[in-house]
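Now for the letters of each chain:
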Amino acid sequence: MPYSIMLDAGHGGRDPGAVYNGRQEKDDTLALTLAAGEILQDRGIDVMYTRTTDVYESPYQKAMEANAAGVDFFVSIHRNSYPTDNAVSGVESLVYDKSGIKLEMAENINEQLESVGFVNLGVKARPGLVVLRRTQMPAVLVEAGFINSDTDNQLFDDNFDDIALAIAEGILGTLNTDSGSAPSGYTVQTGAFRNKANAERLEAELKELDFPADIAEGDGLYRVTVGAFLSLDEAADMERRLRRAGYQTVIISR
């Protein structure tokens, strides 16, 4: 069964996003999202989109759409902006928190975009963003350069195909679909504690609900995990079950 991903072209319709010299973020994001999606589909990924035309959906609607589709990953593509024109340039990616496979994917995308010529501004945690907070699967928001940077716009226009490929390769590299170096397996972490008693209480609570919970000790923490899975699909399915039961989760590769 192929991995599934929902690609979100930021903004759209009555929401143009950032605007610079007549250039609208919503147009750049749609073109780039469709180009990256075509590459992913050619590589065997099941791709869905929040939009394929110039229409508006709220961030909450986009998150709910991804949840209803039950996709494995959600990637939202944007252009950045800064209060002062041509003061900052580069790419960055945003995640709910800096942990798990979503962080790995964000770092991989940034590294691929850096190879195209962008400055790599790193990965930042943005727990307040709706498309990162309300999605039930690993989610990444990619800022593909600053729209009010002439340097970034020239890179974007001159290397558009390479940028689309870089985003796709960052995703594929995380999934290891194009190499033989796949992780040995996955588990779903539901908590990390310095106090062992707190970890044991969560473990017992999960077992009462018939979740196969366990405790792993390392780096001064007691991590409560659920299951051991050979495929990411299986881990993502367990993560969705745990989130529906009200638990905070993160998929960990082993």
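Residues numbered from 1 in each chain as written. Predicted model: local features only at pLDDT ≥ 70, side-chain atom pairs only at ≥ 80, totals over all residues. Heavy atoms only, no water.

To continue, consider the sheet that holds strand S11 (residues 221-229). Read from one edge to the other, the open sheet built from four strands follows the order S10-S11-S9-S12, with strand pairing classed as antiparallel. Edge strands, defined here as strands with exactly one partner in the open sheet, are strand S10 (213-218) and strand S12 (250-253). Taking each pair of neighbouring strands and ignoring which way they run, the sheet shows an average axis angle of 45°. Across six bridges, S10 lies against S11 in antiparallel orientation. (Pairing = 2+ DSSP bridges. Helix = DSSP H or I, 4+ residues; strand = E, 2+ residues; numbered from the N terminus. Axes fitted to C-alpha atoms, helices over the stretch in contact; angles between N-to-C directions.)

Moving on, we get to the nonpolar core. Ile5, Leu40, Leu113, Ile167, Ile171 and Leu206 are the most contacted members of the largest nonpolar core, which has 56 residues in total. Looking at which element gives the most residues to this core, the answer is helix H6 (residues 160-175), with eight residues. Once residues within four sequence positions are removed from consideration, Ile5 is found in contact with Leu40, Ile45, Asp46, Val47, Met48, Val71, Phe73, Val75 and Ile171. Core analysis: the next-biggest nonpolar cluster, separate from the first, contains 10 residues, Ala66, Phe74, Leu132 and Ala139 among them. (Core = buried A, V, L, I, M, F, W, Y, C linked by side-chain atoms within 4.5 Å. Buried < 20%, exposed > 50% of the residue type's maximum accessible area, 1.4 Å probe, protein only. Contact = heavy atoms within 4.5 Å.)

At His11, a position not held by glycine, the phi torsion is positive, near 65°. In this structure, His11 sits in the loop between strand S1 (4-9) and strand S2 (19-20).

Turning to the sheet that holds strand S4 (residues 46-49), a few remarks are in order. Taken in spatial order, the six strands make up an open sheet running S4-S1-S5-S8-S6-S7, and their pairing is mixed. On the outer flanks of this sheet lie S4 and strand S7 (120-125), each paired with one strand and no other. On average, adjacent strands in this sheet sit at an angle of 20° to one another, irrespective of strand direction. As judged from the six bridges shared by strand S5 (residues 73-80) and strand S8 (residues 139-146), these two strands associate in the parallel manner. Within the sheet, the bridge partner assigned to Val75 lies in S8 and is Val140. Contacting S1, S4, S5 and S8, helix H1 (residues 25-42) crosses the sheet at an angle of about 160° to S1.

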